Amino acid sequence: MEMAAAYILLMVLVMQYPLLESRIKKIQRRADRIEHKLDLILDHLGIEVAGPDLRRVTALLREGKKFEAIKVYRQLTDADLKEAKEAVERIDATQR
């Protein structure tokens with residue numbers, strides 16, 4: 001009985017996935033449009049937004065602590081693991 005209920009629940013969740021994915025994509029497109037408009041407004045007003053201070057990341061790279069540098073980069077930028085790894089590797093390459 002419990003197994004059947006779990007199976008039904010799983011099937012309902014699987015059937016809902018395309019709807020959720022569609023809604024997430026719609027929200028992402030809307031967020032991208034809002035970000036673009038905000039960039040245009042900042043540009044028009046001549047306001048420059050400073051990026052995160054990555055001095056700690058570069059210091060960790062100089063010490064050979066690449067994994068910790070990736071962790072700190074993720075904390076500073078809210079980047080996912082892949083994006084943070086690629087960014088830290090770019091920073092590391094420019095330091096050499």
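Residues numbered from 1 in each chain as written. Predicted model: local features only at pLDDT ≥ 70, side-chain atom pairs only at ≥ 80, totals over all residues. Heavy atoms only, no water.

A.B. asks: Is there a simple way to think about the packing of helix α2 (residues 55-62) against helix α3 (residues 66-77) in this case?
C.D. replies: Angle between the axes and distance between the axes: these two values describe a pair of packed helices. One can describe the packing of α2 onto α3 by two numbers: an axis separation of 8 Å at closest approach and a directional angle of 170°. Viewed along their axes, α2 and α3 adopt a mutual orientation that is roughly antiparallel. For the pair formed by α2 and α3, the contact residues are R56, V57, L60 and L61 on the first element and K66, E68, A69, V72, Y73 and L76 on the second. Considering only residue class, the contact of α2 with α3 consists of 7 nonpolar, no polar and 3 charged. (Axes fitted to C-alpha atoms, helices over the stretch in contact; angles between N-to-C directions. Helix = DSSP H or I, 4+ residues; strand = E, 2+ residues; numbered from the N terminus. Parallel < 35°, antiparallel > 145°, perpendicular 65-115°, else oblique. Contact = heavy atoms within 4.5 Å. Nonpolar A, V, L, I, M, F, W, Y, C, P; charged D, E, K, R; others polar.)

A.B. asks: Explain the packing of α3 against helix α4 (residues 81-95) here, please?
C.D. replies: Two elements in contact, α3 and α4, have axes separated by 9 Å at closest approach and are oriented at 120°. It follows that α3 is oblique to α4 by the angle criterion. At the point where α3 passes α4, the crossing takes the right-handed sense. Together, K66, A69, I70, Y73 and R74 of α3 and L81, A84, K85, A87, V88, E89 and I91 of α4 make up the contact between the two elements. Here the contact of α3 with α4 is composed, by residue class, of 8 nonpolar, no polar and 4 charged. (Left-handed = near helix turned anticlockwise from the far one by under 90°.)

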